[in-house]
Amino acid sequence: MSSPKPGSGPLAGIRVLDLSRFIAGPVAGQLLGLLGADVIKIEEPAGDPMRRISKYALNGMSAHYASGNASKRGITLDLKHVEGRRIFLDLVSCSDVVVENFRPGAMERLKLGRKDLQASNPGIIIASLSGFGQTGPWKGRPAYDLIAQAAGGGMSLTGRPGEAPVKMGIPIGDLGASVFCALAIVAALYRRKSTGEGDAIDVAMFDVQLSLLNYLAHYYWASGESPVAEGDAHANVVPYQSFETLSGRMVVAVYGDQFWPGFCAAIASPDLLVDSRFATNDLRGKNRAALISKLEQHLKTQPRDHWLERLASQGVPAAPLNAVGEALECAQAVAREMVVPVR
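The following refers to the structure shown. Owing to the predicted nature of the structure, the values given are computational and were not obtained by experimental measurement.

### As for the overall build of the protein
For step 1, the next point in the chain: When its secondary structure is counted, the protein shows 17 helices and eleven strands.
For step 2, the next point in the chain: Principal axes of the C-alpha set define a box for the protein whose edges measure 75 × 45 × 45 Å.
For step 3, the next point in the chain: Across the 343 residues of the protein, 39% fall into the buried class.
For step 4, the next point in the chain: On the protein, the mean spot of the 35 positive side-chain charges and the mean spot of the 33 negative ones are 4 Å from each other.

Here is the structure:
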(Lines give C-alpha, C1' and ligand atoms only; values in the text may rest on other atoms or scores of the structure.)
Protein backbone atom coordinates (compact mmCIF):
# COMPACT_ATOMS: atom_id res chain seq x y z
CA MET A 1 0.00 0.00 0.00
CA SER A 2 1.52 3.33 -1.00
CA SER A 3 1.14 6.37 1.23
CA PRO A 4 -1.87 8.57 0.39
CA LYS A 5 -1.41 12.17 -0.59
CA PRO A 6 -1.74 14.64 2.31
CA GLY A 7 -5.41 15.23 3.08
CA SER A 8 -6.55 12.07 1.31
CA GLY A 9 -7.56 8.62 2.47
CA PRO A 10 -10.42 7.44 4.71
CA LEU A 11 -8.77 8.84 7.85
CA ALA A 12 -7.96 12.26 6.39
CA GLY A 13 -8.47 14.92 9.05
CA ILE A 14 -7.66 12.55 11.93
CA ARG A 15 -4.61 13.44 14.02
CA VAL A 16 -2.76 10.70 15.90
CA LEU A 17 -0.13 11.28 18.58
CA ASP A 18 2.15 8.25 18.58
CA LEU A 19 4.16 7.84 21.78
CA SER A 20 5.04 4.22 21.06
CA ARG A 21 8.47 2.69 20.56
CA PHE A 22 10.00 -0.47 19.11
CA ILE A 23 7.66 -2.27 16.66
CA ALA A 24 4.10 -3.09 17.76
CA GLY A 25 2.88 0.43 18.57
CA PRO A 26 4.74 2.20 15.76
CA VAL A 27 3.36 -0.17 13.13
CA ALA A 28 -0.18 0.45 14.42
CA GLY A 29 0.41 4.18 13.99
CA GLN A 30 1.96 3.63 10.58
CA LEU A 31 -1.15 1.76 9.41
CA LEU A 32 -3.29 4.72 10.45
CA GLY A 33 -0.96 7.02 8.53
CA LEU A 34 -1.26 4.86 5.43
CA LEU A 35 -5.03 5.28 5.74
CA GLY A 36 -4.60 9.06 5.62
CA ALA A 37 -4.28 10.10 9.27
CA ASP A 38 -1.80 12.80 10.28
CA VAL A 39 0.45 10.81 12.61
CA ILE A 40 2.91 12.72 14.80
CA LYS A 41 5.54 10.47 16.34
CA ILE A 42 6.65 11.84 19.70
CA GLU A 43 10.04 10.54 20.81
CA GLU A 44 12.01 11.01 23.99
CA PRO A 45 15.06 13.26 23.55
CA ALA A 46 17.31 10.22 22.99
CA GLY A 47 14.94 8.95 20.30
CA ASP A 48 13.10 5.68 19.78
CA PRO A 49 15.51 2.85 20.74
CA MET A 50 14.83 1.29 17.34
CA ARG A 51 16.92 4.06 15.79
CA ARG A 52 19.97 2.41 17.40
CA ILE A 53 19.14 -1.28 17.73
CA SER A 54 19.61 -2.54 14.18
CA LYS A 55 22.87 -3.44 12.44
CA TYR A 56 21.10 -2.75 9.13
CA ALA A 57 20.68 0.81 7.89
CA LEU A 58 19.71 2.54 4.66
CA ASN A 59 20.73 6.13 3.96
CA GLY A 60 21.77 6.43 7.59
CA MET A 61 18.42 5.30 9.01
CA SER A 62 17.98 2.08 10.98
CA ALA A 63 16.01 -0.49 9.00
CA HIS A 64 14.06 -1.38 12.16
CA TYR A 65 13.06 2.24 12.68
CA ALA A 66 12.11 2.82 9.04
CA SER A 67 9.95 -0.31 8.95
CA GLY A 68 7.46 1.06 11.49
CA ASN A 69 7.56 4.81 11.06
CA ALA A 70 6.89 5.70 7.46
CA SER A 71 4.00 8.12 6.89
CA LYS A 72 4.63 10.08 10.12
CA ARG A 73 5.85 13.48 11.17
CA GLY A 74 8.07 13.65 14.24
CA ILE A 75 9.03 15.72 17.27
CA THR A 76 10.84 15.06 20.55
CA LEU A 77 9.40 15.81 23.98
CA ASP A 78 10.57 15.06 27.50
CA LEU A 79 7.33 13.94 29.13
CA LYS A 80 9.04 13.82 32.53
CA HIS A 81 9.49 17.59 32.34
CA VAL A 82 6.59 19.91 33.19
CA GLU A 83 6.99 21.86 29.95
CA GLY A 84 7.10 18.65 27.90
CA ARG A 85 3.82 17.52 29.48
CA ARG A 86 2.23 20.91 28.84
CA ILE A 87 3.15 20.82 25.17
CA PHE A 88 1.88 17.25 24.88
CA LEU A 89 -1.46 18.11 26.51
CA ASP A 90 -1.81 21.07 24.14
CA LEU A 91 -1.39 18.62 21.27
CA VAL A 92 -3.93 16.26 22.83
CA SER A 93 -6.48 19.08 22.89
CA CYS A 94 -6.42 19.26 19.09
CA SER A 95 -5.91 15.57 18.30
CA ASP A 96 -8.08 12.48 17.99
CA VAL A 97 -5.95 9.51 19.06
CA VAL A 98 -3.04 8.79 21.39
CA VAL A 99 -1.12 5.54 20.90
CA GLU A 100 1.23 4.37 23.66
CA ASN A 101 2.98 1.12 24.48
CA PHE A 102 4.54 1.82 27.87
CA ARG A 103 4.10 -0.69 30.65
CA PRO A 104 0.72 -0.39 32.42
CA GLY A 105 0.74 2.48 34.92
CA ALA A 106 3.54 4.44 33.24
CA MET A 107 1.21 7.07 31.75
CA GLU A 108 -0.40 7.63 35.15
CA ARG A 109 3.02 8.11 36.74
CA LEU A 110 3.73 10.76 34.10
CA LYS A 111 0.42 12.43 35.04
CA LEU A 112 -0.81 11.62 31.54
CA GLY A 113 -3.35 8.96 32.38
CA ARG A 114 -6.84 8.67 30.95
CA LYS A 115 -8.35 11.34 33.22
CA ASP A 116 -5.55 13.78 32.44
CA LEU A 117 -5.89 13.32 28.68
CA GLN A 118 -9.67 13.48 28.73
CA ALA A 119 -9.51 16.68 30.75
CA SER A 120 -7.71 18.22 27.77
CA ASN A 121 -9.95 16.51 25.20
CA PRO A 122 -13.06 14.52 26.24
CA GLY A 123 -13.22 12.97 22.79
CA ILE A 124 -9.67 11.62 22.77
CA ILE A 125 -9.19 7.93 21.98
CA ILE A 126 -6.35 6.38 23.98
CA ALA A 127 -4.91 3.15 22.60
CA SER A 128 -2.65 1.30 25.03
CA LEU A 129 -0.70 -1.62 23.58
CA SER A 130 1.25 -3.81 26.00
CA GLY A 131 2.55 -7.33 26.40
CA PHE A 132 -0.14 -8.66 28.74
CA GLY A 133 -2.72 -5.88 28.98
CA GLN A 134 -3.83 -3.43 31.64
CA THR A 135 -5.31 -6.10 33.93
CA GLY A 136 -4.46 -9.58 35.20
CA PRO A 137 -1.60 -11.03 37.24
CA TRP A 138 0.94 -10.58 34.41
CA LYS A 139 0.07 -6.97 33.56
CA GLY A 140 3.33 -5.55 34.86
CA ARG A 141 5.59 -8.00 33.06
CA PRO A 142 7.73 -6.74 30.19
CA ALA A 143 7.22 -8.41 26.83
CA TYR A 144 8.59 -8.39 23.33
CA ASP A 145 7.66 -10.39 20.28
CA LEU A 146 9.39 -13.58 21.44
CA ILE A 147 7.63 -13.45 24.81
CA ALA A 148 4.21 -13.07 23.19
CA GLN A 149 4.82 -15.90 20.73
CA ALA A 150 5.89 -18.24 23.53
CA ALA A 151 3.21 -17.35 26.10
CA GLY A 152 0.42 -17.32 23.52
CA GLY A 153 0.98 -20.92 22.42
CA GLY A 154 1.89 -20.28 18.79
CA MET A 155 5.59 -20.93 19.23
CA SER A 156 4.86 -24.48 20.44
CA LEU A 157 3.33 -25.15 17.01
CA THR A 158 6.26 -23.82 14.99
CA GLY A 159 9.10 -26.14 13.99
CA ARG A 160 9.55 -29.74 13.02
CA PRO A 161 7.97 -32.64 14.93
CA GLY A 162 10.06 -33.79 17.85
CA GLU A 163 12.42 -30.82 17.73
CA ALA A 164 12.61 -27.75 19.95
CA PRO A 165 10.04 -25.07 19.05
CA VAL A 166 11.19 -22.00 17.14
CA LYS A 167 9.73 -18.54 16.84
CA MET A 168 8.16 -17.47 13.59
CA GLY A 169 10.57 -15.76 11.22
CA ILE A 170 8.33 -12.70 11.05
CA PRO A 171 7.48 -10.89 14.32
CA ILE A 172 3.88 -12.07 14.48
CA GLY A 173 3.60 -11.04 18.14
CA ASP A 174 4.36 -7.44 17.26
CA LEU A 175 2.63 -7.27 13.89
CA GLY A 176 -0.53 -9.10 14.93
CA ALA A 177 -0.99 -6.72 17.87
CA SER A 178 -0.37 -3.76 15.54
CA VAL A 179 -3.17 -4.75 13.18
CA PHE A 180 -5.62 -5.44 16.02
CA CYS A 181 -4.74 -2.10 17.61
CA ALA A 182 -5.26 -0.16 14.38
CA LEU A 183 -8.59 -1.91 13.83
CA ALA A 184 -9.73 -1.08 17.37
CA ILE A 185 -8.81 2.58 16.84
CA VAL A 186 -10.79 2.75 13.60
CA ALA A 187 -13.77 1.15 15.37
CA ALA A 188 -13.51 3.70 18.22
CA LEU A 189 -13.37 6.57 15.72
CA TYR A 190 -16.49 5.20 14.02
CA ARG A 191 -18.29 4.91 17.37
CA ARG A 192 -17.31 8.44 18.34
CA LYS A 193 -19.06 9.81 15.25
CA SER A 194 -22.41 8.82 16.75
CA THR A 195 -21.70 9.23 20.48
CA GLY A 196 -19.13 12.03 20.56
CA GLU A 197 -17.33 10.10 23.28
CA GLY A 198 -13.68 9.19 23.49
CA ASP A 199 -12.52 5.73 24.46
CA ALA A 200 -9.69 3.77 26.08
CA ILE A 201 -8.44 0.75 24.14
CA ASP A 202 -6.49 -2.05 25.84
CA VAL A 203 -4.62 -4.30 23.37
CA ALA A 204 -2.41 -7.07 24.74
CA MET A 205 0.06 -8.93 22.55
CA PHE A 206 -0.74 -12.04 24.59
CA ASP A 207 -4.48 -11.74 23.89
CA VAL A 208 -3.86 -11.35 20.18
CA GLN A 209 -1.65 -14.43 20.07
CA LEU A 210 -4.36 -16.45 21.82
CA SER A 211 -6.93 -15.30 19.28
CA LEU A 212 -4.61 -16.28 16.42
CA LEU A 213 -4.62 -19.89 17.62
CA ASN A 214 -7.98 -20.02 15.86
CA TYR A 215 -8.92 -23.60 14.86
CA LEU A 216 -5.95 -24.99 16.80
CA ALA A 217 -7.63 -23.85 20.01
CA HIS A 218 -10.73 -25.75 18.91
CA TYR A 219 -8.61 -28.85 18.32
CA TYR A 220 -7.62 -28.63 21.98
CA TRP A 221 -11.17 -28.10 23.20
CA ALA A 222 -12.42 -30.98 21.06
CA SER A 223 -9.72 -33.47 22.07
CA GLY A 224 -8.32 -32.29 25.38
CA GLU A 225 -4.85 -32.54 23.88
CA SER A 226 -2.62 -29.66 22.78
CA PRO A 227 -1.74 -29.69 19.07
CA VAL A 228 1.96 -30.11 18.32
CA ALA A 229 4.33 -28.81 15.67
CA GLU A 230 3.85 -30.33 12.22
CA GLY A 231 6.74 -28.65 10.42
CA ASP A 232 5.49 -27.32 7.10
CA ALA A 233 2.86 -30.05 6.81
CA HIS A 234 -0.81 -30.00 7.84
CA ALA A 235 -2.27 -32.35 10.43
CA ASN A 236 -5.42 -33.00 8.39
CA VAL A 237 -4.62 -32.26 4.74
CA VAL A 238 -2.27 -34.31 2.52
CA PRO A 239 -0.29 -33.22 0.55
CA TYR A 240 -0.02 -29.75 2.08
CA GLN A 241 3.67 -28.94 2.53
CA SER A 242 6.92 -28.02 0.80
CA PHE A 243 8.90 -30.20 -1.59
CA GLU A 244 12.38 -30.00 -3.04
CA THR A 245 12.58 -29.75 -6.82
CA LEU A 246 15.51 -29.74 -9.21
CA SER A 247 15.89 -25.97 -8.67
CA GLY A 248 14.57 -25.00 -5.25
CA ARG A 249 11.64 -25.68 -2.94
CA MET A 250 7.97 -25.12 -3.61
CA VAL A 251 4.76 -25.65 -1.65
CA VAL A 252 1.56 -27.34 -2.70
CA ALA A 253 -1.82 -27.30 -0.96
CA VAL A 254 -4.17 -30.04 -2.12
CA TYR A 255 -6.85 -28.71 0.21
CA GLY A 256 -9.71 -31.00 -0.66
CA ASP A 257 -10.29 -33.97 -2.93
CA GLN A 258 -11.36 -31.71 -5.78
CA PHE A 259 -7.70 -30.79 -6.35
CA TRP A 260 -6.34 -34.35 -6.32
CA PRO A 261 -7.03 -35.29 -9.98
CA GLY A 262 -5.52 -32.01 -11.20
CA PHE A 263 -2.51 -32.47 -8.96
CA CYS A 264 -1.84 -35.97 -10.31
CA ALA A 265 -2.23 -34.70 -13.87
CA ALA A 266 0.07 -31.72 -13.27
CA ILE A 267 2.91 -33.85 -11.93
CA ALA A 268 2.35 -36.47 -14.64
CA SER A 269 1.59 -39.25 -12.16
CA PRO A 270 -1.64 -40.95 -13.25
CA ASP A 271 -0.62 -43.99 -11.18
CA LEU A 272 -1.27 -42.02 -8.01
CA LEU A 273 -4.80 -41.22 -9.13
CA VAL A 274 -5.73 -44.91 -9.46
CA ASP A 275 -3.92 -45.99 -6.29
CA SER A 276 -6.68 -46.83 -3.81
CA ARG A 277 -4.44 -45.86 -0.88
CA PHE A 278 -4.62 -42.22 -1.96
CA ALA A 279 -8.21 -41.95 -3.26
CA THR A 280 -9.41 -39.53 -0.56
CA ASN A 281 -7.81 -37.06 1.80
CA ASP A 282 -8.57 -39.34 4.75
CA LEU A 283 -6.78 -42.22 3.02
CA ARG A 284 -3.88 -40.00 2.04
CA GLY A 285 -3.58 -39.04 5.69
CA LYS A 286 -3.46 -42.67 6.77
CA ASN A 287 -0.88 -43.46 4.10
CA ARG A 288 0.98 -40.16 4.38
CA ALA A 289 4.50 -41.63 4.64
CA ALA A 290 4.18 -43.73 1.48
CA LEU A 291 2.68 -40.87 -0.56
CA ILE A 292 5.15 -38.22 0.57
CA SER A 293 8.07 -40.54 -0.16
CA LYS A 294 6.84 -41.01 -3.74
CA LEU A 295 6.27 -37.29 -4.23
CA GLU A 296 9.65 -36.31 -2.81
CA GLN A 297 11.43 -38.57 -5.27
CA HIS A 298 9.31 -37.57 -8.26
CA LEU A 299 9.31 -33.80 -7.79
CA LYS A 300 13.11 -33.70 -7.71
CA THR A 301 13.18 -34.70 -11.38
CA GLN A 302 12.10 -31.30 -12.80
CA PRO A 303 12.81 -27.61 -12.07
CA ARG A 304 10.47 -25.70 -9.79
CA ASP A 305 9.08 -23.43 -12.51
CA HIS A 306 8.16 -26.48 -14.60
CA TRP A 307 6.00 -27.88 -11.83
CA LEU A 308 4.52 -24.52 -10.88
CA GLU A 309 3.39 -23.81 -14.43
CA ARG A 310 1.77 -27.23 -14.72
CA LEU A 311 0.09 -26.93 -11.31
CA ALA A 312 -1.24 -23.47 -12.18
CA SER A 313 -2.68 -24.82 -15.44
CA GLN A 314 -4.65 -27.37 -13.41
CA GLY A 315 -5.83 -24.81 -10.85
CA VAL A 316 -3.90 -26.48 -8.00
CA PRO A 317 -2.74 -24.11 -5.21
CA ALA A 318 1.06 -23.96 -5.31
CA ALA A 319 3.82 -21.38 -4.94
CA PRO A 320 7.59 -21.04 -4.87
CA LEU A 321 9.13 -21.07 -1.41
CA ASN A 322 10.66 -17.64 -1.87
CA ALA A 323 13.51 -16.08 0.03
CA VAL A 324 12.79 -12.55 1.28
CA GLY A 325 14.50 -10.95 -1.71
CA GLU A 326 12.70 -13.22 -4.17
CA ALA A 327 9.34 -12.34 -2.62
CA LEU A 328 10.02 -8.59 -2.70
CA GLU A 329 11.16 -8.66 -6.31
CA CYS A 330 8.74 -11.19 -7.82
CA ALA A 331 6.43 -10.21 -10.66
CA GLN A 332 3.32 -10.31 -8.47
CA ALA A 333 4.80 -7.89 -5.92
CA VAL A 334 5.78 -5.53 -8.73
CA ALA A 335 2.34 -5.71 -10.36
CA ARG A 336 0.60 -5.02 -7.04
CA GLU A 337 2.95 -2.07 -6.31
CA MET A 338 3.76 -3.62 -2.95
CA VAL A 339 7.22 -2.06 -3.03
CA VAL A 340 7.21 1.65 -3.83
CA PRO A 341 10.29 3.87 -3.38
CA VAL A 342 9.52 7.02 -1.38
CA ARG A 343 11.47 9.78 0.38
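### Digging into the sheet that holds strand β5 (residues 72–76)
For step 1, the next point in the chain: Strand order across the open sheet formed by six strands is β5-β2-β1-β6-β7-β8, with parallel pairing between neighbours. Whereas interior strands pair on both sides, the edge strands pair on one side only; in this sheet they are β5 and β8 (199–204). Across the sheet, the mean angle separating the axes of adjacent strands is 20 degrees when strand polarity is ignored.
For step 2, the next point in the chain: Sheet contacts for helix α8 (residues 172–195): β6 (97–100), β7 (125–130) and β8; angle to β7, the most-contacted strand, approximately 165 degrees.
For step 3, the next point in the chain: Taken strand by strand, helix α9 (residues 205–212) contacts β7 and β8, and its axis lies near 65 degrees from that of β8.

### So, the sheet that holds strand β9 (residues 240–245)
For step 1, the next point in the chain: The three strands lie next to each other as β9-β10-β11, forming an open sheet whose pairing is antiparallel. Since the sheet does not close on itself, it has two edges, and those belong to β9 and β11 (318–320), each with one partner. For this sheet the average axis-to-axis angle between neighbouring strands, irrespective of direction, equals 25 degrees.
For step 2, the next point in the chain: Strand direction decides the pairing type here: β9 and strand β10 (residues 248–253), joined by six bridges, are antiparallel. Of the residues in β10, the one forming a bridge with Tyr240 is Ala253.
For step 3, the next point in the chain: Contacts between helix α14 (residues 288–299) and the sheet are confined to β9 and β10, with β9 contributing the most and set at about 35 degrees to the helix.
For step 4, the next point in the chain: Taken strand by strand, helix α15 (residues 304–313) contacts β9, β10 and β11, and its axis lies near 20 degrees from that of β10.

### Some thoughts on the pairing of strand β2 (residues 38–43)
For step 1, the next point in the chain: β2 sits mainly inside the fold: five of its six residues count as buried.
For step 2, the next point in the chain: Sheet topology note: the strand β1 (residues 15–18)/β2 ladder contains four bridges and is parallel. Across the sheet, Asp18 pairs through a bridge with Lys41, a residue of β2.
For step 3, the next point in the chain: Crossover handedness for the path β1 to helix α1 (residues 24–34) to β2: right-handed.
For step 4, the next point in the chain: The pairing of β2 with β5 spans five bridges and is classified as parallel. In the sheet register, Ile42 faces β5, and the bridge partner there is Ile75.

What counts and what doesn't
- Residues numbered from 1 in each chain as written.
- Predicted model: local features only at pLDDT ≥ 70, side-chain atom pairs only at ≥ 80, totals over all residues.
- Heavy atoms only, no water.
- Helix = DSSP H or I, 4+ residues; strand = E, 2+ residues; numbered from the N terminus.
- Buried < 20%, exposed > 50% of the residue type's maximum accessible area, 1.4 Å probe, protein only.
- Lys, Arg positive; Asp, Glu negative; His and termini not counted.
- Charge placed at Lys NZ, Arg CZ, Asp CG, Glu CD.
- Pairing = 2+ DSSP bridges.
- Axes fitted to C-alpha atoms, helices over the stretch in contact; angles between N-to-C directions.
- Contact = heavy atoms within 4.5 Å.
- Right-handed = clockwise from strand over helix to strand, strands pointing away.

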